Every structure is written in C-alpha cells, then in structure tokens.
Amino acid sequence: MSTILLESSARTTSRRSITGRWQIDGHRTELTVRVRALGLAARGRFTGTTGMIDVADNITRSRVHVTVGSDSFKTRWNAHDRIVAGTGFLDAHAHPTVSFTAHGLQPILESMVTADGDRPLWWLVGEVTARGVTRPVRLALGVVRQDGDCLEFSATGAIRRSEFGAVGKRGLVSDLVEITVRGRAHRHRDDD
C-alpha cells in the first residue's frame, strides 16, 4: 500500500498512477453527520453512497460526484430516522437524493487539524444539493492512499442546514451539521 500526499502533479510511490476514473464503493464508503441535539452529540450515517472520482493529471482539476438517498439516513432509532427523512429536515419524499459535486482542489494554506487528527492538504471545492437547494461547500481532503486498484480517502466539512431550508426542531437540534466521509473507490473498468 502506498500513501499519496496529493501534490500539484499526481506523483505516487505505487507502480500505477492515481490519475483516471474511480468508482466509489457504496458498501465500503460511509458518510456520517454529527449535530448537537439537546446539547448532546448526535450522529447518523447515510448508506448506499454512489459516485465517481476523476483524478486529473493536474490534481487541481480533479472532480468528484457523490449521491446518497435522502431516505437512507440511519441512526440507532427508527423514530429519529423518520424525522430526519421528513419535511422538517431532508424531505426525502419530495427530494429523494442529496448530492455533492466537486469542481477541483485548492491547497489549504492555513495550518489545520481535523477532529480525527488528520492534517489535510487540500480543499475539495464544490456544491451540495439537498432539498432542491444548491450551496457551495469546501471539504478538507485528508491523506489519500492507493493500494493497487483501490483508493482510500477521507474528507470532512460542515454545512448549515438552514441554508437548505431544513429548519425542523429549531432550538433542539443545532444548525451546524458536521460531515465526515471515509471510503474506498475502485479503478473504473474503462481505465484498465
């Protein structure tokens, strides 16, 4: 397994270049969210993440597209899951998907450490679409590891749910939603 610190040119210590198209493995990719509810940390996760990662020769031009089902949000309590899928939050019936599209990478110039202890080097710059509303977002991209035709990645960021019209349970649930993505992608078959 080789560790890739994404640089201005995609250089790796592996025998095969990281450039090309990668298909996100929905079974091995987890998108988790964290909010404060009644002053306590509350977590949930989305299942069935799908998407593609296109790593360009010039790493700053790389692109990402990820989609999850709005109704795939899970906690340990079914009642909470139904509330989050309902009209006050994701409104899954009217808006069945949440998506993220990144248009490129920008270097992180300030010193930063994520909650996981990562020291990300790049901002993954793009947009989140939820409830039919699209807003800009930057995710801090952690170290990316390539193991043959498998790519492991992580990214963290935050959004304000009110910017998407998700205003249910105001005063009980925080507006700030912290996002963490950890996953794997496999080289797309057409890149073999």
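Right, let's walk through the structure included here. Here the structure is a predicted model, which means the values were calculated and not measured.

Let's talk about the nonpolar core
At step 1: Core analysis: the biggest nonpolar cluster contains 39 residues, and Ile53 and Phe100 have the highest contact counts within it.
At step 2: Ignoring anything within four residues of it in the chain, the contact list for isoleucine 53 reads Gly20, Arg21, Trp22, Ile24, Arg63, Val64, Phe153 and Ala185.

Here's the deal with the packing of aromatic side chains
At step 1: Considering all chains together, one arrives at 1 aromatic pair under this definition.
At step 2: Each ring, one from phenylalanine 46 and one from phenylalanine 73, has its centre 5.3 Å from the other, and the planes form 65 degrees; the classification is edge-to-face. Here phenylalanine 46 is found in strand β4 (residues 40–46), whereas its partner phenylalanine 73 is found in strand β7 (residues 73–74), with 27 residues between them in sequence. The exposure classification of phenylalanine 46 matches that of phenylalanine 73, with both residues buried.
At step 3: The ring of tryptophan 123 is capped by arginine 138, whose NZ or CZ atom sits 3.8 Å from the centre of that ring.

Notes on the pairing of strand β12 (residues 150–160)
At step 1: Of all 11 residues that make up β12, 8 are buried, and the element is covered over most of its length.
At step 2: Pairing of strand β10 (residues 133–141) with β12 involves 2 bridges; the strand directions are antiparallel. Note on β12: the bridge partner recorded for alanine 140 is threonine 156.
At step 3: Two strands pair when backbone bridges link them, and strand β11 (residues 144–147) and β12 are joined in this way by 3 bridges, in the antiparallel orientation. Bridge assignment links glutamine 146 to a residue of β12, and that residue is leucine 151.
At step 4: Taken together, β11 and the strand that follows it, β12, pair antiparallel across an intervening segment of 2 residues, in which glycine 148 is found at a positive phi of about 65 degrees.

Considerations on the pattern of salt bridges
At step 1: Summed over all chains, the structure comprises 5 salt bridges.
At step 2: Between arginine 184 and glutamate 152 there is a salt bridge, and its shortest N-O distance comes to 3.2 Å. Pair noted here: arginine 184 is in strand β13 (residues 176–187) and glutamate 152 is in strand β12, with a separation of 32 residues, a long-range link.
At step 3: On the basis of relative accessible area, glutamate 152 is assigned to the partly exposed category, the value being 25%.
At step 4: The salt bridge involving aspartate 175 is made with arginine 160; its shortest N-O contact spans 3.9 Å. Residue aspartate 175 is located in the loop between β12 and β13, and its partner arginine 160 is located in strand β12; the two are separated by 15 residues in the primary sequence.
At step 5: Judged by relative accessible area, which is 26%, aspartate 175 ranks as partly exposed.

Thresholds, definitions, all that
- Residues numbered from 1 in each chain as written.
- Predicted model: local features only at pLDDT ≥ 70, side-chain atom pairs only at ≥ 80, totals over all residues.
- Heavy atoms only, no water.
- Core = buried A, V, L, I, M, F, W, Y, C linked by side-chain atoms within 4.5 Å.
- Buried < 20%, exposed > 50% of the residue type's maximum accessible area, 1.4 Å probe, protein only.
- Contact = heavy atoms within 4.5 Å.
- Phe/Tyr/Trp six-rings, centres within 6.5 Å; stacked < 30°, edge-to-face > 60°.
- Helix = DSSP H or I, 4+ residues; strand = E, 2+ residues; numbered from the N terminus.
- Lys NZ or Arg CZ within 6 Å of the ring centre and 35° of its normal.
- Pairing = 2+ DSSP bridges.
- Salt bridge = Lys/Arg side-chain N within 4 Å of Asp/Glu carboxyl O.

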